[in-house]
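Residue strings, one per chain:
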Amino acid sequence: MAMDSSQSVHRLYLHHHRWLHDWLRRKLGDSFVADDLAQDTFVSIMAADKVQEIREPRPFLVTIARRLMAHRYRRQLLETSYLEMLAGLPEAMVPAPEARLMALEALQQIDRALDGLPPAVREAFLLAHLEGLSYAAIAERLQVSASSVKQYLTKANRQCLFALMVA
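Here's a quick rundown of the structure. (Residues numbered from 1 in each chain as written. Predicted model: local features only at pLDDT ≥ 70, side-chain atom pairs only at ≥ 80, totals over all residues. Heavy atoms only, no water.)

1. Some words on the pattern of salt bridges
Under the definition given, this model contains four salt bridges. Here arginine 25 makes a salt bridge to aspartate 22, at a shortest N to O gap of 3.2 Å. Placement of the pair is arginine 25 and aspartate 22 together in helix H1 (residues 3-28), with a separation of three residues, close to one helical turn. Assessed through its relative accessible area of 33%, arginine 25 is described here as partly exposed. With a shortest N-O distance of 3.4 Å, glutamate 131 and arginine 141 are connected by a salt bridge. (Salt bridge = Lys/Arg side-chain N within 4 Å of Asp/Glu carboxyl O. Helix = DSSP H or I, 4+ residues; strand = E, 2+ residues; numbered from the N terminus. Buried < 20%, exposed > 50% of the residue type's maximum accessible area, 1.4 Å probe, protein only.)

Okay, here's the thing in C-alpha cells:
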C-alpha cells in the first residue's frame with residue numbers, strides 16, 4: 001500500500017470510524033459485534049487498496065459493512081444448522097470437538113467459494129448436494145438444459161474443491 005493510500009485510509013478511519021461503529025451498533029444491537037465489523041470494514045478497504053477511488057465515504061462504508069453483516073449472518077446460520085444436525089445424532093455418532101471445528105471450517109470455506117459463483121451455479125450446487133436432486137430435476141427447477149446443469153455443477157464442485165485444497 002502506498003503512503004498516500006495509507007494516509008487516506010487513516011483519514012477515512014479518523015473521520016468515519018465512530019460514525020460507522022454507531023451505525024452498526026444501532027443495526028445489530030451489540031457494541032462488540034459492531035466493533036468487529038467496523039474494524040473488518042476498514043481492513044477490507046486496506047486490502048482492496050482502492051481508498052483513493054472512494055467518492056462518498058459513508059455509503060461506501062455502509063455497503064461494505066452490510067456485505068460483512070450478511071456474511072456473518074450466513075456463517076451463523078451455517079453453524080447453527082450444523083450444530084442442530086449434530087444434536088439429532090445418537091451420542092455415539094457425535095464427532096469429537098476437533099472434528100466438529102474442522103467440519104465447520106470446511107463448510108465456511110465452501111460457503112465462501114459458492115459466494116463467488118453466479119446464482120444459477122450456486123443454486124444448482126445446493127440443489128444437487130443438499131436436496132439430492134438429479135440433473136433433470138435441477139434443470140427443470142432452474143429452467144435450463146441438463147447439460148447446463150452439468151456445467152454448473154462441474155464449475156461449483158471445482159471451485160469448492162479448490163477452496164478446500166488451498167485452505
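2. Description of the packing of helix H2 (residues 31-48) against helix H3 (residues 57-87)
Between H2 and H3, the shortest axis-to-axis distance is 9 Å and the interhelical angle comes to 120 degrees. Relative to H3, H2 is oriented oblique. Considering the relative orientation of H2 and H3, their crossing is right-handed. Between H2 and H3, the contacting residues are Val33, Leu37, Asp40, Thr41, Phe42, Ser44 and Ile45 on the first element and Phe60, Leu61, Ile64, Ala65, Leu68, Met69 and Arg72 on the second. Of the residues contributing to the contact of H2 with H3, the split by class is ten nonpolar, two polar and two charged. (Axes fitted to C-alpha atoms, helices over the stretch in contact; angles between N-to-C directions. Parallel < 35°, antiparallel > 145°, perpendicular 65-115°, else oblique. Left-handed = near helix turned anticlockwise from the far one by under 90°. Contact = heavy atoms within 4.5 Å. Nonpolar A, V, L, I, M, F, W, Y, C, P; charged D, E, K, R; others polar.)

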